[in-house]
Structure formats: structure tokens, C-alpha cells
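Chain and residue survey
These are the residues of each chain, in order.
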Amino acid sequence: MFTPLFNSLAPADPFGINASFSPLNLLSANDGQPGLVRYASRASNMVYYRTPESLPVAAHVAFSSGEAGSAGNHSGDLFGASIGYRSERFYISYALQKTHGGTAAVPQLNPRVSTYQAISGYFNATPTVRLYGNFIHADAGDRAVQDASMANLGASWEVGASEFRVGATRRRVEGSARAQVLWVLGYDYSLSKRTTLYGRVLHLKNRGGSSATLASLPVGEPGSDGTSFGIGVSHRF
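In what follows, the accompanying structure is described. Keep in mind that what you see is a predicted model, and the values were worked out from it rather than measured. (Residues numbered from 1 in each chain as written. Predicted model: local features only at pLDDT ≥ 70, side-chain atom pairs only at ≥ 80, totals over all residues. Heavy atoms only, no water.)

What about the nonpolar core?
What counts here: Throughout this description, the term nonpolar core refers to a set of buried Ala, Val, Leu, Ile, Met, Phe, Trp, Tyr and Cys residues connected via side-chain atoms within 4.5 Å. Each residue gets one of three labels from its accessible area relative to the maximum for its type: buried under 20%, exposed over 50%, partly exposed in between, using a 1.4 Å probe on protein chains only. The way it works is that DSSP assigns letters per residue, a run of H or I at least four long becomes a helix, a run of E at least two long becomes a strand, and they are numbered from the N terminus. Here, residues are in contact when the closest pair of their heavy atoms is within 4.5 Å.
The biggest cluster of nonpolar side chains holds 28 residues, and the ones touching the most others in it are Leu5, Leu9, Leu27, Tyr39, Tyr116, Ile136 and Leu202. The set of elements that each furnish at least two residues to this core consists of helix H1 (4–9), strand S5 (113–124), strand S6 (129–139), strand S9 (179–190) and strand S10 (195–207). At three residues, H1 tops the list of elements feeding residues into this core. Apart from residues no more than four positions distant in its own chain, leucine 9 is found in contact with Ile17, Leu24, Leu27, Tyr39, Ala118, Ser120, Asn134 and Ile136. Counting residues in each nonpolar core, the second largest holds five residues, with Ala40, Ala43, Met46 and Ala62 among its members.

A few points about the pairing of strand S7 (residues 148–159)
The criterion, for reference: Pairing between strands is defined by DSSP: at least two bridges between the two strands are required.
One ladder, built from ten bridges, connects S6 with S7; its direction is antiparallel. Counted as the bridge partner of arginine 130 is serine 156 from S7. Relative to strand S8 (residues 162–173), S7 runs antiparallel, the two being bridged by twelve bridges. Across the sheet, the residue bridging to alanine 148 is valine 173, located in S8. Between the end of S7 and the start of S8, which pair antiparallel, lie two residues, with glycine 160 showing a positive phi angle near 65°.

Focus on the environment of threonine 103
Among the structural elements, threonine 103 can be located in the loop between strand S4 (90–100) and S5. Spatially, the C-alpha atoms of threonine 103 and glycine 76 are 5.2 Å apart, while their sequence positions differ by 27 residues.

Here's the deal with the packing of aromatic side chains
Aromatic ring pairs are reported here in terms of the distance separating the ring centres and the angle at which the planes meet. What counts, and what does not: Between the rings of Phe, Tyr and Trp (Trp by its six-membered ring), a pair exists once the centres lie within 6.5 Å; its type follows the angle of the planes, with under 30 degrees stacked, over 60 edge-to-face, and the other angles tilted.
In the structure shown here, the tally under the stated rule is seven aromatic pairs. Here tyrosine 39 and tyrosine 116 contribute two aromatic rings whose centre-to-centre distance is 6.3 Å and whose plane-to-plane angle is 70°, an arrangement assigned as edge-to-face. Here the residue tyrosine 39 occupies a position in the loop between H1 and strand S1 (46–50), and tyrosine 116 occupies one in strand S5, the gap between them amounting to 77 residues. Here tyrosine 39 and tyrosine 116 have matching classes, each one buried. Among the aromatic residues, those joined into a ring-pair cluster are Tyr91, Tyr122 and Tyr132.

Focus: the sheet that holds S8
Just so we agree on the cut-off: Helix axes are fitted only over the stretch in contact, all axes being lines through C-alpha atoms; the angle between N-to-C directions runs from 0 to 180 degrees.
In spatial order, the strands read S1-S2-S3-S4-S5-S6-S7-S8-S9-S10-S11; together these eleven strands make up an open sheet with antiparallel pairing. The open sheet terminates on both sides in strands that have one partner only, identified here as S1 and strand S11 (226–235). Neighbouring strand axes in the sheet, compared pairwise and without regard to direction, differ in orientation by 10° on average. As defined by bridge partners, S10 adjoins S11 across ten bridges and the pair is classed as antiparallel. Looking at S11, one finds that histidine 203 is bridged to threonine 227.

Given below as C-alpha cells:
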């Protein structure tokens, strides 16, 4: 099941956060943050509540048990919550996610707790142009490990059966030169109501000796850059 953080980010991503070429996938990077519990878009054993979809204000709360195998051990636990507002013109949301380290296979006695916070939204500038924005903060849960922040801006523009998409993201490790700068260009053409032909171009720059990767780019030397291309057809059942 998707977490409240994922459900908060998804409407504010022109590329669809579940797609390989989404710039928000840079949220999964832990470069410069050793020990950070990776961002989780899904969790098992989750108890989830959300307010009725008919309301303009949406509140989500969820808890996932990490199958620690012993009472009192919170290894692998996840807690998430979000609150947002959506109208015909705009959307804005705040989300919080706390994830304990450890898995069912490798539980931790005293797991580190990493915290993610995100503010996300979009604005319909015209009937065919939508602007997107996200700001995300990742705290590894250890004073010896620097926090990281990520800012993302995007836009989509519909012209007949075509849709153009663009996104730019910067992730920075605080108190360090380590950073990533990413941009993505996309084009969609609707062949029918359910079938879309699409193309994507992604370019990732690693700065300050960082070595993050995305969209199947190979991990090269620290500070190396990369470009990825994709073309395909999607069909919605």
C-alpha cells in the first residue's frame, strides 16, 4: 500500500512519481547521508485512514508494523501522515514520514529513525498549463549525519493530443558541497483515451564529489554526470 507521503507527492509531479523518469525519484538518493533509512513509497502491514474524497481537505494517517519479531522492538516500523487542500485551481499538501531502520530479515535492536517532510502543490495557470512545486527535507536521525533538502519545479502544457512536460530538481546535503542537479524533458501523444506514446530525456549532474544515480544511469566516478533517454507506449486498463 502507498504511504501518505507518496500520495501527497503524486499529484504534484508532472511525470508521475511512480515512473522511472520522475525527477522526484531523486528522493531515494542517500548520497552524503550514510545510515539514512531510504524513502519508502509503499509499506506492508499498513493500517491506513483517509478522510472522504468528497471533502476538499484531505487528511491521511497510516502506521506500518515492521515485523520485528519481538515485543517492544520498532525495527522497520513506519508512521506517515499528511494534510492537503485541493480546488479546481490549485493543490497544496504537507506530509510527514518517520521510518525505522531494519527489516524482517535483518532486524535492528535500536533502529535509527529517519524523518521526511514535504510540502507539495500545483497551480493551474491556464486551462492547459499547470505549474508544480515540491520542497522535501530528509533527516537521517543522527547528529553526525547531515540533513539533505530537495527542491523541485515542473510544468505541463497540453496542446491538442500532445502534452509537453518539464521538471528541474536540486538536492543538497547541508554543510557540504555534495549536491545533484537534475532536469527532465517529456513529450506525450495520446493515441486514444487509454493509449499514450511518450518520450523522455533526463540529465543528472553530480556535484562536490557526489555519486547519485537515477533512471538506470550507471554509477560512475564521483562527480560524474549522465544522460538517459526513453521512449515507449503506455496503456491504461
